[in-house]
Amino acid sequence: MIAKSTKHKKKEKKLKRERKGEESADTRSSSRAFPPSRLSAPPPAAMEDDDDCPPLAVELPPRVPSPPAPAPSDASPVGVTVITGYLGAGKSTLVNYILNEQHGKRIAVILNEFGEEIGVERAMINEGQGGALVEEWVELANGCVCCSVKHSLVQALEQLVQRKDRMDHILLETTGLADPAPLVSVLWLDDQLESSIRLDSIITVIDAKNFRVQIDEHKNFSSFPEAFHQIAFADVVILNKIDLVKDNVEDLEKHIHDVNALVTVVRSVRCQVDLNEVFNRQAYGAKNSSHLQELLDYSKSIPPDRRHDNSISTLCIYEQDPVNLAKVESWLEDLLWEKKSTLDIYRCKGILYIHDSDQVHTLQAVREVYEVMPARKWLETESRMNKIVVIGRNLDINALQDSFSGCKG
Ligand SMILES: Nc1nc2c(ncn2[C@@H]2O[C@H](COP(=O)(O)OP(=O)(O)OP(=O)(O)O)[C@@H](O)[C@H]2O)c(=O)[nH]1
């Protein structure tokens, strides 16, 4: 068994210089997909070299314990919190944190996964011990909730609301590539669901370390449209992974407010936020709804091909035989740090079948930071195998599968 290992590499300065060059060569302003009232194009910010020294400790405000939540009456609609945020930002970390905190609420969770991810996302969620009770899990397969599975989402919600007496609140965790607009319209406008659920708030988790890259690339190439839509729709932004950035947090907050002037920004490490920021925000009462309507109307006018970055794809590596942990680490480092091939990997997550270990290991990687850790014992009934979801650009399944097979041993 190994201890948890989180590794990240000092990013090559060369890469950053190239990005700066591209920025100055292309002076076109980016076309942003938000209503002007929500947005003013931020001036290009100089990239800070935040990877060369260890990050400074950042002081977070003291956490105030959340008071116990009042029990809802059966007649009142169940609140739904949508948790969105780009790949690897910390959505599952937030769900785990909520499930494990003492807040007195019975929580149901809906996970939205791509087809390939089935079982992987679920492995990342810890239902809580003595914390919240998870009443129901509904995994939505076969696509992203914002595009193809609206129907399944409505079905999942309908099933859940039939058990309303067994839950106080629903968390809906979207995939990192979800555009919130279509699912918000389901939650907010669907007639059948209207009396049973109410959209309580939209929380967008941002990876403070990678946000800078997203801002810069978005300006010039309209990359990461999902990341910016997610901010535009948020009621609360959790600016997470503050432990990985040295300074410039105020600057990041300014960029967030440039996209969404009304949003509340909460800084965090591992999404440890005051849960009053999460529950019962009632962000869509009569007072605030015109604002959401404005966003939805605007979002409808965006052509579908500009809602998603279509150059990003997802694939899955499978391997039945056990693998050697040291070889897997070296494989990851070649892939994420050395970048010997043209593969551009944003996100990896998976379960590993490690030789000589009775533990399921989880693998997490966001850009060049990765983490492998033992999660729990394999069950007698489970068939042991490796399964890794990879999300990025220029992905080559054969090259990835072959190189991972080299980790057997
Ligand atoms: N250093 C650091 N790591 C974090 C923090 N929050 C989350 N992580 C790590 O970031 C990785 C991704 O976190 P997840 O919660 O799985 O992210 P996600 O948004 O659910 O990712 P997707 O499944 O791609 O949508 C994991 O390895 C986490 O342990 C943080 O505040 N600091």
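Since we're looking at a predicted model, the values are computed, not measured.

What counts and how
- Residues numbered from 1 in each chain as written.
- Predicted model: local features only at pLDDT ≥ 70, side-chain atom pairs only at ≥ 80, totals over all residues.
- Helix = DSSP H or I, 4+ residues; strand = E, 2+ residues; numbered from the N terminus.
- Buried ≥ 20, exposed ≤ 12 C-beta atoms within 10 Å, placed from the backbone.
- Contact = placed C-beta atoms within 7 Å.
- Near = placed C-beta within 6 Å.
- Nonpolar A, V, L, I, M, F, W, Y, C, P; charged D, E, K, R; others polar.
- Domains from an automatic or database assignment.
- Core = buried A, V, L, I, M, F, W, Y, C linked by C-beta atoms within 7 Å.
- pLDDT = per-residue confidence, 0-100.
- Pairing = 2+ DSSP bridges.
- UniProt positions renumbered as here; feature names shortened; annotations may be inferred.

Student: What exactly am I supposed to notice about the overall build of the protein chain here?
Tutor: Helix and strand counts for the protein chain come out as 11 helices and 13 strands. Taking all 409 residues of the protein chain together, the buried fraction comes to 38%. Here the analysis covers contacts within the protein chain between residues at least 6 apart in sequence; of these, 84% occur between residues at least 24 apart.

Student: Which parts of the structure should I look at to understand the site of the ligand?
Tutor: Neighbouring the ligand are 24 residues; Lys91, Ser92, Thr93, Gly176 and Gln364 lie closest to it. Contributions of two or more residues to the shell around the ligand are made by α2 (91-100), β10 (344-353) and β11 (359-366). Considering every element that reaches the shell around the ligand, the biggest residue donor is α2, with 3 residues. Of the residues contributing to the shell around the ligand, the split by class is 8 nonpolar, 9 polar and 7 charged. Split by domain, the residues of the shell around the ligand number at least three in each of domain 1 (77-306) and domain 2 (312-405).

Student: It is not clear to me how the environment of asparagine 260 should be interpreted in this structure. Could you clarify?
Tutor: With respect to the element layout, asparagine 260 can be found in the loop between α8 (249-259) and β8 (264-267). Counting along the chain gives 23 residues from asparagine 260 to valine 237, while the straight-line C-alpha distance between them is 9.8 Å.

Student: Sorry if this is basic, but what is going on with helix α7 (residues 225-233) here?
Tutor: Since one α-helical turn is 3.6 residues long, residues separated by three or four positions face the same way. Burial analysis of α7 places 9 of its 9 residues in the buried class, the great majority of the element. Residues of α7 that are buried include every one of Pro225, Glu226, Ala227, Phe228, His229, Gln230, Ile231, Ala232 and Phe233, and no others.

Student: Just checking my understanding: could you explain the nonpolar core for this structure?
Tutor: For soluble globular proteins, nonpolar side chains are generally found buried alongside one another. Formed by 88 residues in total, the largest nonpolar core has its most connected members in Val82, Ile98, Ile170 and Ile238. The element contributing the most residues to this core is strand β6 (residues 197-207), with 6 residues. Two domains share this core, each providing at least three of its residues, namely domain 1 (77-306) and domain 2 (312-405).

Student: Help me out: how do you make sense of unusual backbone geometry in this one?
Tutor: Trans is the prevailing form of peptide bonds, just as negative phi is the prevailing case for residues other than glycine. One non-glycine residue with positive phi stands out, namely arginine 270, at about 50°. Here arginine 270 is to be found in the loop between β8 and α9 (289-300).

Student: Sorry if this is basic, but what is going on with the confidence of the model for the protein chain here?
Tutor: Caution applies to low-pLDDT parts of the model: their predicted coordinates are not meant to be read in detail. Averaged over all residues, the pLDDT of the protein chain is 73; the fraction at 70 or higher stands at 64%. Across the protein chain, the secondary-structure element scoring lowest on mean pLDDT is helix α1 (residues 13-25), at 30, and the one scoring highest is strand β7 (residues 236-240), at 95. Across residues 1-5, where pLDDT falls below 50, the model places 9 contacts with residues more than four positions away in sequence or in other chains. Here residues 10-64 is a poorly scored stretch, pLDDT under 50, and it has 66 contacts once near neighbours within four places are set aside; other chains count. In the predicted complex, the global pTM is 0.73; the interface-specific ipTM is 0.99.

Student: Sorry if this is basic, but what is going on with the pairing of strand β2 (residues 78-85) here?
Tutor: Regular strands have side chains that alternate between both faces of the sheet. Within β2, 7 of the 8 residues are buried, which leaves it mostly tucked inside the rest of the structure. Here β2 pairs with strand β5 (residues 169-173) via 5 bridges, running parallel. For valine 80, the partnering residue across the bridge sits in β5 and is isoleucine 170.

Student: Got a minute to help me understand the UniProt feature "domain: CobW C-terminal" (unreviewed entry) in the protein chain in this structure?
Tutor: Annotation from UniProt places "domain: CobW C-terminal" (unreviewed entry) at residues 312-408. Strand forms 43% of residues 312-408 and helix 24%; the C-alpha atoms that close the span are 28 Å apart.

Student: Is there a simple way to explain the environment of threonine 174 in this structure?
Tutor: With respect to the helices and strands, the residue threonine 174 is situated in the loop between β5 and α5 (180-189). For threonine 174, a count of 27 C-beta atoms within 10 Å translates into the label buried. Once the C-alpha coordinates of threonine 174 and lysine 91 are considered, the two residues, 83 residues apart in sequence, prove to be 8.3 Å apart.

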